[in-house]
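Spelled out, the chains give:
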Amino acid sequence: MRVQRLLTETENKKIADNVDLKLIEPLIEKYKGKKGNLIPLLQGVQSIYGYIPRSAFELLSAKTGLKLSDMYGVATFYAQFRLSPVGKHIVKVCHGTACHVQGADAISTAIKDALGVSDGETTPDKLFTLETVACLGCCSLAPVMMIDEESYGKLTGSSAVKIIKEIKIKEKENK
Amino acid sequence: MAQTKVIVGLGSCGIAAGANKVYNKLKAIKDAENLNFELAKTSCIGMCFREPLVEVVDENGSMIYGDVNEDKALEIVQQHIIGHNPIKDYVVKTDLFKTPDNSFFDGQVKIALRNCGYIDPENIHEYESRNGYQALRKIVNEKMQPETIIQTIIDSGLRGRGGGGFPTGLKWRFAYSNKADEKYIICNADEGDPGAFMDRSLLEGDPHAVIEGMIIGAYAIGATNGIIYCRAEYPLAIKRLNIALSQAREHEYLGKNIMGIDGFNLNINIKEGAGAFVCGEETALMASIEGKRGMPSKRPPFPAEQGLWRKPSNINNVETYANVPYIIANGAESYNKYGTEKSKGTKVFALTGKIKHGGLVEVPMGTPLRDIIYKLGGGIQNDKKFKAVQLGGPSGGCIPEHLIDIQVDYDQVTATGAIMGSGGMVVMDETTCMVDVARFFLDFTQKESCGKCTFCRIGTKRMLEILTRITQGEGEEGDIEKLEELALQVRESSLCGLGQTAPNPVLTTIKYFRHEYEAHIKDKKCPAHSCKKLLTYTIDPEKCTGCTVCAVKCPVKAIDGERKKVHTINQDICIKCGDCYSNCRFDAITKN
Ligand code: FES
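Residues numbered from 1 in each chain as written. Chains lettered and ligands numbered in written order. Predicted model: local features only at pLDDT ≥ 70, side-chain atom pairs only at ≥ 80, totals over all residues. Heavy atoms only, no water.

Enquirer: Mind showing me how you'd approach the sheet that holds strand E1 (residues 4-9) of chain B here?
Expert: Backbone hydrogen bonds hold the strands of a sheet together, and the pairing may be parallel or antiparallel. Residue and element names in this part refer to chain B. The sheet built from five strands is open, its strands ordered E2-E1-E3-E4-E5 with mixed pairing. Looking at which strands have only one partner, the edges of the open sheet turn out to be strand E2 (37-42) and strand E5 (91-94). Geometrically, the sheet is characterised by an average inter-axis angle of 25° between neighbouring strands, direction not taken into account. Taken together, the three bridges between strand E4 (residues 61-65) and E5 define a ladder with antiparallel strand orientation. Bridge pairing links Met63 to Thr94 in E5. Docked against the sheet, helix H2 (residues 19-33) engages E1, E2 and strand E3 (54-58), running at close to 165° with respect to E2. Contacting E1, E2, E3 and E4, helix H3 (residues 70-82) runs over the sheet at an angle of about 15° to E3. (Pairing = 2+ DSSP bridges. Helix = DSSP H or I, 4+ residues; strand = E, 2+ residues; numbered from the N terminus. Axes fitted to C-alpha atoms, helices over the stretch in contact; angles between N-to-C directions. Contact = heavy atoms within 4.5 Å.)

Next up, the structure:
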């Protein structure tokens, strides 16, 4: 079973002010009263904020009548849902069978080292969140990672770090 | 003279290898020079090991170029398209002459994958031009009744390609015979087996085949609603499915009174999965569509009686549906002439791991495993020694070298202790540690267990702990027996397939590679030199030339040394990634 990192009460309060709940109103209108709407609703919320803020849970519950406990149960059951904010870029390192056999561990270790975070964590500059996924479907190019929507295949520890560094440099230039 | 056509393979694998850049480059050249050729897209033809692929079709025929990058794209345009002088060295597949990669296609029979890599998946006309929607037309023209369709599928011998292997026609008959005002036809596209991508390639490469299969299934069982449950990790597949669905609606293959059949109404929608392996289990998948935690429930009632929203439902996987139009259009014999006595037709496999030609192949059931690995797959990378092939993912097992001459069909694979599964074949060589493979799978199932059954939830956890200990050199006498006992209990006391099969990877590795377990436990050694805790990398001062490559490559800067002087590895910092080992040109680094 999955254990997710939860936020403390104070952390939640701090973020609550920064979340614009208006953004999810059209979503609620769209799915309100439809059967089987819970997962699409949560997916929609996550695609807006990158995670599901506590205040969004509360608003969903108030507007749709879905129970908080049901929503929370679903959100913690599926791997896709996050309950804490994420960085600008999401680095997903594949640890599926093919990637594992081809040395995915080394890729993760090298990236962890370069970013200074562990799995599921976000860098202090809020640029990167590191995640592990089970398979990206590009197994014949293993080991594979995906940054945002782009996949990179046939990695080595150093080539993976290089890709990350390039993104970092680009971000600096844009500043 | 027909216009020259240039087709770029833009499946997920191609894109990961850089195919978008190649496409953009070709487009830029075409526009800049105002060249007269048609630029088109297709999906994966299966040769992932040669991605990105570019096909050039002109009056002489077709040639597929492999490993294309932006520079090669330019060369191809200049020499082949403008100069009419193909660059034979880059060609990986053509009917005009033999290429070194030809063997990849020898012995393949493409039924499910019949269109993948040959059509633009975003264009319904290209599907139609290759007999697409002809099966549906045949049903209308010949007034085929649901019973006839179901009988044809039964006669074809098609069995569920998602792993269960249950005869598809029989499944349809159950759903057909349960009367109800509403029924559901569901496509399981939640390819959860890590290391398999058959369904992704099919959905990206030929979405209409799957849709047509579902329409036929819906007509046969009397369903009015269709749902494709697709992994969220496959954004491209979802995009192409959406395009295909709206085209099918426009062309009235979906909607009301389809093809003029009075009262045959069907709509199909996509549900994005949210990431849970257990949703491969039918009852869990339906719970997930209903918006609940994807926990399996007891059967009976079977989905064919009370499935989604308590209505009769039929679930098949992507590959199963993709076969259906072919079988209906060409008759049961066109399919059951391939295969063995109890396993008919063809099967798609995703070849990955330590294999030279990693990719997607479709072969008749009963093809010798040796042929798949050595002929189609081209053998083992770097000519290392083959050790085992993993079939069936977390529910499957490892087939060792001495069984490589089995024929791949349901019976022979099951006899080894593995399962056919959905078709992921991960090849392992002498450098893969089998205890670690077992640990890897247990780690996966342990995380993915929904937690409903105690033995699956806690039993897998205890097994994982033991396996982890062993790989870290802390194994104890009696561990193997403990694993075997727990395996039995988890298998016997779990409700669904996930728990019942979770011990398989452990049991098959103990069965065939007991000596590796023993080496870890007794000698604290990993024979494959793979378990990190049991490894040390050292630099041989005799051989080190001080070229600094290892120090540069080391991602954690664990290697010290001046240029032209012997280098040393700081064992406290070393993360044992092996980058130095694989980059040293002088064989100066040893691992032990
Ligand atoms: S195992 Fe990594 S992409 Fe499939």
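Enquirer: I keep staring at the packing of aromatic side chains and nothing clicks. Help me out?
Expert: Given two aromatic rings, their pairing is described by the distance between the two centres and the angle made by the two planes. All chains considered together, the criterion is met by 12 aromatic pairs over all chains. Aromatic pair Tyr78 of chain A and Phe81 of chain A: ring centres 6.4 Å apart, planes at 85°, arrangement edge-to-face. Taken together, a centroid distance of 5.2 Å and an interplanar angle of 90° make the contact between Phe104 of chain B and Phe105 of chain B edge-to-face. On the basis of relative accessible area, Phe104 of chain B is assigned to the buried category, the value being 0%. Judged by relative accessible area, which is 15%, Phe105 of chain B ranks as buried. Clustering of aromatic rings is evident, with ring pairs tying together Phe77, Tyr78 and Phe81 of chain A. Taking NZ or CZ as reference, Lys347 of chain B lies 5.7 Å from the ring centre of Phe349 of chain B, over its face. Here the guanidinium or amino end of Lys591 of chain B rests over the ring plane of Tyr581 of chain B, the centre of that ring lying 4.7 Å away. (Phe/Tyr/Trp six-rings, centres within 6.5 Å; stacked < 30°, edge-to-face > 60°. Buried < 20%, exposed > 50% of the residue type's maximum accessible area, 1.4 Å probe, protein only. Lys NZ or Arg CZ within 6 Å of the ring centre and 35° of its normal.)

Enquirer: What am I meant to see in the pairing of strand E7 (residues 225-230) of chain B here?
Expert: Regular strands place side chains that alternate from one sheet face to the opposite one. Residues and elements named next belong to chain B. Across the six residues that make up E7, a large majority, five, are buried. As paired strands, strand E6 (residues 184-189) and E7 are joined by six bridges and run parallel to one another. Residue Ile185 lies in a different strand from E7, and its bridge partner there is Gly226. Bridge count for E7 against strand E8 (residues 267-272) is six bridges, and the pairing is parallel. Directly across from Asn225, in E8, lies its bridge partner Asn267. Since E7 and E8 lie parallel, the crossover through helix H10 (residues 235-250) that links them has a hand, and here it is right-handed. (Right-handed = clockwise from strand over helix to strand, strands pointing away.)

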